[in-house]
Amino acid sequence: GQQLNQSPQSMFIQEGEDVSMNCTSSSIFNTWLWYKQDPGEGPVLLIALYKAGELTSNGRLTAQFGITRKDSFLNISASIPSDVGIYFCAGWTYSGAGSYQLTFGKGTKLSVIP
Amino acid sequence: EAGVAQSPRYKIIEKRQSVAFWCNPISGHATLYWYQQILGQGPKLLIQFQNNGVVDDSQLPKDRFSAERLKGVDSTLKIQPAKLEDSAVYLCASSFQVRYWDILSVEQYFGPGTRLTVT
């Protein structure tokens, strides 16, 4: 099956620093999604990317859909303690006839040191 | 707008017992998904419904797992009998579909999950 390689697996940063994480795949995806999951909660959608090359921002978050449609990155600027959590990338493939497959990466665990 | 509701939030059972989880999606969302998330991994799709029909259940262990969405709204996922390796968080998600020209937007919204521990 399709796999998403997400890196880094974990990171520790100082409050105020910028963060970058990325996701790569050997397969092409039609849509990339970035989620954040807090302990004991379900993933929350942060950003959705629909076109190759697309660059989208949501507050301090910026994400890009790679030109090859096989990769995406997420940047967080000026990190704050509430950014702590696990960030997942997920890629959609649309197989037609209403059937889709959403594949998740293994996540990047972010810790912010005050 | 109310989010995806799931219950129970936690469940502890012994192996070989049965368990059922319930999900109520966001109002108006036609598509409902059940995921299994093992500790340290991303969610893995078990089954997808479009209204009350199954669209994809290729990764559902059908010898022990079953799911239904009889009226096209809420859904139940059952495990019978449970095994130790079924210990995980079971997430329910729902989505609507919007097409912008040639782009299909399928943004999923997740519930808080049910944490299952099998002893």
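Rules behind the numbers
Residues numbered from 1 in each chain as written. Chains lettered and ligands numbered in written order. Predicted model: local features only at pLDDT ≥ 70, side-chain atom pairs only at ≥ 80, totals over all residues. Heavy atoms only, no water. Phe/Tyr/Trp six-rings, centres within 6.5 Å; stacked < 30°, edge-to-face > 60°. Helix = DSSP H or I, 4+ residues; strand = E, 2+ residues; numbered from the N terminus. Buried < 20%, exposed > 50% of the residue type's maximum accessible area, 1.4 Å probe, protein only. Polar contact = N/O pair within 3.5 Å; in protein donor to acceptor, adjacent residues only side chain to side chain. Pairing = 2+ DSSP bridges. Axes fitted to C-alpha atoms, helices over the stretch in contact; angles between N-to-C directions. Disulfide = S-S within 2.5 Å.

1. Details of the packing of aromatic side chains
For step 1, the next point in the chain: Taken as a whole and judged by the stated rule, the model has twelve aromatic pairs over all chains.
For step 2, the next point in the chain: Relative to F104 of chain A, the ring of F88 of chain A has its centre 6.3 Å away and its plane inclined at 85°; by these criteria the two rings are edge-to-face. Here F104 of chain A lies in strand β10 (residues 99-104) and F88 of chain A lies in strand β9 (residues 85-96), a separation of 16 residues in the sequence. Accessibility assignment for this pair places F88 of chain A and F104 of chain A in one class, buried.
For step 3, the next point in the chain: Taken together through their ring pairs, the aromatic side chains of Y35, F88, W92 and F104 of chain A together with Y33, Y35 and F110 of chain B make up a single cluster.

2. A word on the environment of S58 of chain B
All names here are of chain B.
For step 1, the next point in the chain: In this structure, S58 sits in the loop between β6 (53-56) and β7 (65-68).
For step 2, the next point in the chain: Taking the relative accessible area as the measure of exposure, S58 reaches 57% and is therefore exposed.
For step 3, the next point in the chain: Linking S58 and I47, residues eleven residues apart in sequence, is a C-alpha distance of 7.4 Å.
For step 4, the next point in the chain: Within the local environment of S58, its side chain forms a polar contact with the side chain of D56, the two groups lying 2.8 Å apart.

3. Things to note about the sheet that holds strand β1 (residues 5-7) of chain B
Residue and element names in this part refer to chain B.
For step 1, the next point in the chain: The strand order β1-β3-β8-β7 describes an open sheet built from four strands, whose pairing is antiparallel. Since the sheet does not close on itself, it has two edges, and those belong to β1 and β7, each with one partner. The mean angle between the axes of side-by-side strands here comes to 15°, regardless of whether they run parallel or antiparallel.
For step 2, the next point in the chain: Bridging between strand β3 (residues 19-24) and strand β8 (residues 75-79) involves five bridges; their strand directions are antiparallel. Among the inter-strand pairings, C23 is bridged to a residue of β8, identified as S75.

4. Quick look at the state of the cysteines
Residue and element names in this part refer to chain A.
For step 1, the next point in the chain: Per the stated rule, a full pass over the model turns up two disulfides over all chains.
For step 2, the next point in the chain: Between C23 and C89 runs a disulfide, and the two sulfur atoms are separated by 1.7 Å. Remark: C89 occurs in strand β9 and C23 occurs in strand β3 (residues 19-25); sequence separation between them is 66 residues.
For step 3, the next point in the chain: With a relative accessible area of 0%, C23 lands in the buried category.
For step 4, the next point in the chain: Residue classification places C89 among the buried residues on the basis of a relative accessible area of 0%.

Nothing here speaks to function; it is geometry throughout.
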